[in-house]
Structure formats: C-alpha cells, structure tokens
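# Chain and residue survey
Take a look at the letters that make up each chain.
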Amino acid sequence: MVYGALDIGGTKIAGALVDPEGRLVARAQRPTPAREPAEALMGAVTAVLDELSAHPAWASLDRVGIACAGPVDTAAGTVSPVNIAGWRAFPLVERVRTHPRMPAGIRPVLVGDAVAMTAAEHWMGAARGRDNALCMVVSTGVGGGLVLDGRLHTGPSGNAGHIGHISVDLDGDPCPCGARGCVEGLASGTAIAARALAAGWTPPPGTAATAAAVADAARAGDATARAAYDRAAQALAAGIAATITLVELDVVVIGGGVAQAGDTLFAPLRRWLDAYAVLGFARGVPVVPAELALDAGLIGAAAAAARTGSVPAPRVPAG
C-alpha cells in the first residue's frame, strides 16, 4: 500500500508515493508556472501525476493527499493561493480525482501546505511529542499550522494558523491578500531578496537574486544582506509572539526554503522573539528548524490522506 501526495507551492509542484512508514517510494517535480493561466498550472500538476502513475508502486495506491499554498477550502475542494494568481476557487480536488490514471473511488484529501507540514512535523519531526505547536513554512510565501492539545487544529475551512497574513506593520506595503504589512510581505524569500536589492545589494555575476543568495552574502559578512534577514526575522518574531500570546505554545518549528539559511535566520529571529514575547507564559518558547526539511509537505499530505477513511494511520519509523 502507498499513499499519493502532492505539494503545490509558488516555486514548485512536487509529488510522491509514500509508504506507511513515511518513506518516499517515488518522487516527481515540476516548476510552478505561477504567472500562467489556470490550465497551464494544472498542466504542471498533471505532468507530476503522469510521472508518478508510471511507477510500478502506483498499482498499490490507496489514498491521495494534496498540500497546497493557501487559502484553501477543504470542504469545497478548492484553492485560491495568494502567490498563484491563476487559481481562484480552483477545483483542484476534482481535477486531480479525474486524472485518467486515478483509481476509481479515490477522492483526494486537501490541506493547506503549512498544515501538511505541521502534520508531518508532529507525526515524525521536530514537534513530535508536543501538545501545542506552531509549525511554519517560510518560502515563496509564509504559512503556518497549529497543533493544540495534541491535535492538528485546522479550523472549519482548513486555514487556521495562517500566520503569513497577520499584519505586523500597520503602515506597511499592500499585500496581495488585500491587507497591509503582512508577515509574508516582509519575511518571505521573495521579500528578503527584494529588500536586499532595494538597499543596494547585488548578487554575484551569473547568480539569481534569491533569498539563498542573500543568505550566502550575509554569511560572508555583507551588512546589507544581514539587514535584509534581520528585518525578515523581526516580522516573523512579531507574528510568532502574537500567536504564543494567544494560544500558548510548547515549540515553534520553521521549515521551507528560507529556513535553510540556518543561523542567518534563526539567530536574529530568536533575538527578536525575546524582545516581543515578554509576558511570563510567553517567554522561552524554543524556535527550532523543521526536521523533515523540504519533503515535509509531501509527508504531511500523505499523512492527511492516510488518516481519512478506513485505512490505518501511517506508522512512525522505528528509531
């Protein structure tokens, strides 16, 4: 038995076949044509499904989970990702369900990408054994998910914990979501690169202006690059402190591409969090990197699928 998983974000569309121990049996990936029309986007999803369905393990497919950048509507099976303009109320679940090689009777399970990451980290990652956790994806966008009282807390529409669209700068720039000064607009990988460029940083010849390139420059001592990460860390800390104050947390887990910057992000983030989370019950909450790295969305989508219906929940790997 294997579970199918899709993880759809502003940069990539990944898919996998996952066994009940959380191991990836097969993997496929395409770039996200984020500025293209809806059908071009769906074409990339279809290409990933075509590749996965050619693998021999597809014959043992039992459930399919989809993690997608939000907002999502889990009840309707539709997605409206802020950073993928071509999809608004797009019927993603139905389109995946009707893929020509999808076995009859399978209805994919939809969750937000950060909720999927949260499920994965709580199952077998950095939030394992914790009753109250905020797990975040900091990448092209910024998303989050909550574990409260030991259970994944998704809310009625599946969007609870969407910390990227908390406003932390009342006079900040407009966000595509319609608000101003959102965490995502200040702390996403796109925002980090844009801030560094605006302040005069230039990437090395032949290198794209990405958050990873800014992180490399920061590690090499570039003050402008360090300042871009510091500003992002401040925005993240403000959103995290607000969340800790509202619901009380045991741990905050951060994954996604920007988290790969390591201490370039985490050192200023922890420093700013000490400045914002000052009430006694809010102090000292550990902020740690995700353990499942860039495959957390796939593993979490598989976990969401596995827990639906009569199939057994995925097993935690030994050791």
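The structure under discussion appears in the preceding block.
Rules used in this analysis
- Residues numbered from 1 in each chain as written.
- Predicted model: local features only at pLDDT ≥ 70, side-chain atom pairs only at ≥ 80, totals over all residues.
- Heavy atoms only, no water.
- Helix = DSSP H or I, 4+ residues; strand = E, 2+ residues; numbered from the N terminus.
- Rg over C-alpha atoms; globule rule 2.2 N^0.38 Å.
- Contact = heavy atoms within 4.5 Å.
- Areas by Shrake-Rupley, 256 points an atom, 1.4 Å probe, with all protein chains shown as cover.
- Lys, Arg positive; Asp, Glu negative; His and termini not counted.
- Charge placed at Lys NZ, Arg CZ, Asp CG, Glu CD.
- Core = buried A, V, L, I, M, F, W, Y, C linked by side-chain atoms within 4.5 Å.
- Buried < 20%, exposed > 50% of the residue type's maximum accessible area, 1.4 Å probe, protein only.
- Axes fitted to C-alpha atoms, helices over the stretch in contact; angles between N-to-C directions.
- Parallel < 35°, antiparallel > 145°, perpendicular 65-115°, else oblique.
- Left-handed = near helix turned anticlockwise from the far one by under 90°.
- Nonpolar A, V, L, I, M, F, W, Y, C, P; charged D, E, K, R; others polar.
- 1 Å grid on protein atoms, 1.4 Å probe; cavity = no way out; pocket = protein on both sides within 12 Å on 5 of 7 lines; lining within 4 Å.
- Points joined across faces, edges and corners; volume = space filled by probe spheres on them.

## Quick word on the overall build of the chain
From N to C terminus, the chain includes 9 helices and 12 strands. Relative to its length of 319 residues, the chain is compact, with a C-alpha radius of gyration of 19 Å against a globular reference of 20 Å. Viewed in the frame of its principal axes, the chain has a C-alpha envelope of about 55 × 45 × 35 Å. Of all intrachain contacts in the chain linking residues separated by at least 6 positions in sequence, the fraction that spans at least 24 positions is 62%. Summing over all exposed atoms, the chain offers an accessible surface of approximately 13,400 Å²; the carbon and sulfur share of this is 53%. Across the chain, the mean location of the 24 positive side-chain charges is 2 Å away from that of the 27 negative side-chain charges.

## Regarding the nonpolar core
With 43 residues, the main nonpolar core has Met136, Tyr229, Leu236, Ile240, Val252, Ile254 and Leu269 as its most contacted residues. Elements represented by at least two residues in this core include exactly β8 (133-138), β9 (142-148), α4 (183-187), α5 (189-198), α6 (211-219), α7 (223-247), β11 (251-255) and α8 (263-276). In this view, isoleucine 240 contacts Leu134, Met136, Ile163, Val252, Ile254, Leu269 and Leu273; residues no more than four positions away in its chain are not counted. Membership of the second largest hydrophobic core comes to 31 residues, among which are Leu6, Ala28, Ile66 and Cys68.

## Quick notes on the packing of α7 against α8
Where α7 contacts α8, the two axes come as close as 8 Å, and the packing angle between them is 45 degrees. Looking at the two axes, α7 sits oblique to α8. For the pair α7 and α8, the sense of crossing is right-handed. Taking contact as the criterion, the partners of Tyr229, Asp230, Ala233, Gln234, Leu236, Ala237, Ala238, Ile240, Ala241 and Ile244 in α7 are, on α8, Thr264, Leu265, Pro268, Leu269, Arg271, Trp272, Leu273 and Tyr276. When grouped by side-chain class, the residues that make up the contact of α7 with α8 number 14 nonpolar, 2 polar and 2 charged.

## Describing empty space enclosed by the protein
The full count for this structure, using the stated rule, is 2 cavities of 30 Å³ or more. Looking at the largest cavity, its volume works out to about 80 Å³. Gly70, Val72, Gly112, Asp113, Ala114, Val115, Gly143, Gly144, Gly158, Asn159, Ala160 and His162 together form the lining of the largest cavity. Contributions of two or more residues to the lining of the largest cavity are made by α3 (113-124) and β9. No other element matches α3, which puts 3 residues into the lining of the largest cavity. Considered class by class, the residues forming the lining of the largest cavity number 4 nonpolar, 7 polar and 1 charged. Roughly 30 Å³ of volume is contained in the second largest cavity. Together, Gly4, Ala5, Leu6, Ala16, Leu49, Leu52, Trp58, Val64 and Met102 line the second largest cavity. Listing elements by their share of the lining of the second largest cavity, those giving two or more residues are β1 (2-8) and α1 (38-53).

## What about the environment of arginine 35?
With respect to the secondary-structure elements, arginine 35 resides in the loop between β3 (24-31) and α1. Along the sequence, arginine 35 and alanine 85 sit 50 residues apart, while their C-alpha atoms lie 6.6 Å from each other.

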